[in-house]
Amino acid sequence: MSTPRPTPSHTVGPFYGYALPFPGGGETAPPGDPDTITVHGHVLDGEGTAVPDALIEIWGPGPDGELPRKGGSMRRDPVTGGFLGRNGVDFTGFGRVPTDADGHWAVRTLRPGARGEHAPYLSVCVFARGLTHHLFTRLHLPEPADALAADPLLASLPPARAATLVARAEPHRTFRFDIRLQGADETVFLEFT
Amino acid sequence: MALTQQDMDNEIARHREAYEKSVAEGAPRADHPPRDYPPYRSSLLRHPHQPLVVVATARDPEAVELGSPAFGDTDVTELDNDLTRRHRGEPIGERITVTGRVLDRHGRPVRGQLIELWQANAAGRYAHQRDQHPAPLDPNFTGAGRTLTDDDGGYRFTTIKPGAYPWRNHTNAWRPAHLHFSVFGTAFTQRLVTQMYFPNDPLFPYDPILQSVTDDAARQRLVATYDHSLSTPEWSLGYRWDIVLDGPAATWIEDGR
Ligand SMILES: [Fe+2]
């Protein structure tokens, strides 16, 4: 049986801003949830210059490690056709934010739980003008240390490379994760087979 | 000094020849563009130098990327797939419908997943502050739509045909008319952002973004088919474009292919 060949990828280009970002795109955590964390960082190019037109998508499990199956990230108002924001209760696991003029992005979501042998992580997908094909990476929380040490992907990488996949703890349950597209300290990007 | 179209044509030809040579020597055909494609200048500082690290999902059923965010009726409104009905008046341009199916690598329909579409207006101008080239905005056209695939993987948009537009990759660079698409699958690994083109556009050979797909057959898969049976008398012209989501073997290799 022959299988159809895939549709090629193309860049998201510079003009997605009125179509893909949505109100509350970075507010993935239901308000007041005690497991809320903030993940944020800069996207940088091969010269260390901020990338002001990247789009970041975050996808991850809830604190119990389960992958959400609920819709409603882009909940809509049938009266005006506008966006209502999330319903305040359900966790969809999905966040999407454009970088700002400083190349910075931030998402408030729930602390991901561990799955299988993995240390807890969020899947991160990067789109930008100049990227002919999006890039996947993983944002791991910096603790617990034994979970990081046992993680099959992190363990398979040289320590300096693995370190690009671990966010840095900051005060107030905030974790910094810079994404370097190219060059020294280039972030590890993934291909799934 | 800014590159001319002739410089660009030479570069594009060189990359295509290098690709064809590699295939002749046994390299697998590439379905996607290389991330390092110098004719598309913006890729120069934005592609990783290190090879991607392979994650074998067949041995990793707990990978987060094997699930995908869900979208449902609450995430779209009934008007979202008609880009011509967002404002008081009708947009200027040639009304078209674009329809097709979203399939996985197994040829199975991808059901109930979100498709987002965005585009320039009929004059080739985006409703975006950073697009300041001298073409008119259309007060009756924004150019963004959404829909969910049906039980057969089908989708349908009504919109207007976008215009070609200039950009600053090289001197006299023009993009062929295209629709931007964003598609989700049942696994996050199947995520796809791409562009659909219209048949027989004379700008195809000059465009480093389309030509970044160096495989001739793969590039052809980005071009919709004009289908007269989809055209509606006195109303619209119809195009058909199927989308096949790539994805790791674990999501599509079953029963011996
Ligand atoms: Fe475009």
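Everything that follows concerns the structure shown earlier in this document.
Residues numbered from 1 in each chain as written. Chains lettered and ligands numbered in written order. Predicted model: local features only at pLDDT ≥ 70, side-chain atom pairs only at ≥ 80, totals over all residues. Heavy atoms only, no water.

This brings us to the overall build of chain A. When its secondary structure is counted, chain A shows three helices and ten strands. The helix and strand sequence of chain A, counted from the amino end, reads β-β-β-β-β-β-α-α-α-β-β-β-β. For chain A, the C-alpha radius of gyration of 17 Å lies close to 16 Å, the compact-globule estimate for 193 residues. Across the 193 residues that make up chain A, the buried fraction comes to 58%. Within chain A, counting contacts between residues at least 6 apart in sequence, those at least 24 apart form 69% of the total. Here chain A holds 17 positive side-chain charges and 22 negative ones, and the gap between their average locations is 5 Å. (Helix = DSSP H or I, 4+ residues; strand = E, 2+ residues; numbered from the N terminus. Rg over C-alpha atoms; globule rule 2.2 N^0.38 Å. Buried < 20%, exposed > 50% of the residue type's maximum accessible area, 1.4 Å probe, protein only. Contact = heavy atoms within 4.5 Å. Lys, Arg positive; Asp, Glu negative; His and termini not counted. Charge placed at Lys NZ, Arg CZ, Asp CG, Glu CD.)

Residue and element names in this part refer to chain B. Taken in spatial order, the four strands of this open sheet run β4-β3-β8-β9, and their pairing is antiparallel. Single-partner strands in this sheet number two, and they are β4 (144-148) and β9 (192-197). Averaged over all pairs of adjacent strands, the angle between their axes in this sheet comes to 20 degrees, without regard to strand direction. Of the strand pairs in this sheet, strand β3 (residues 114-118) and strand β8 (residues 178-183) are connected by four bridges, and their pairing is antiparallel. (Pairing = 2+ DSSP bridges. Axes fitted to C-alpha atoms, helices over the stretch in contact; angles between N-to-C directions.)

Below, the discussion takes up the interface of chain A and chain B. How big an interface is tends to be stated in terms of accessible area lost as the parts join. Listed as interface residues are 72 residues of chain A and, on the opposing side, 86 residues of chain B. For the chain A face of the interface with chain B, the top three residues by lost area are His10(A), Phe15(A) and Tyr18(A), together amounting to 12%. Here chain A is connected to chain B by eight salt bridges. Arg76(A) is paired through a salt bridge with Asp80(B); the nearest N and O atoms lie 2.4 Å apart. The tally of links between chain A and chain B comes to 44 residue pairs in polar contact (both at pLDDT 80 or more). (Buried area = accessible area lost by both parts, 1.4 Å probe. Salt bridge = Lys/Arg side-chain N within 4 Å of Asp/Glu carboxyl O. Polar contact = N/O pair within 3.5 Å; in protein donor to acceptor, adjacent residues only side chain to side chain.)

A few words now on the coordination of the iron ion. Residues and elements named next belong to chain B. Bound to the iron ion are the protein donor atoms Tyr126 (OH), Tyr165 (OH), His178 (NE2) and His180 (NE2), situated 1.9 to 2.2 Å from the metal. Relative to the metal, the four donor atoms surrounding the iron ion lie at angles of 89 to 159 degrees, and the coordination shape comes out irregular. Using a relative accessible area of 6% as the deciding quantity, one classes Tyr165 as buried. By relative accessible area, which is 2% here, His180 ends up buried. (Donors = N, O, S within 2.8 Å, 3.2 Å for Na, K, Ca; no water. Tetrahedral: all angles 85-135°; square planar, octahedral: opposite > 155°, others 65-115°.)

Residue and element names in this part refer to chain B. Per the stated rule, a full pass over the model turns up 16 aromatic pairs over all chains. It is Arg175 that lies over the ring of Trp167; its NZ or CZ is 6.0 Å from the centre. Above the plane of the ring of Phe184 lies Arg191, whose end atom (NZ or CZ) is 3.8 Å from the centre. (Phe/Tyr/Trp six-rings, centres within 6.5 Å; stacked < 30°, edge-to-face > 60°. Lys NZ or Arg CZ within 6 Å of the ring centre and 35° of its normal.)

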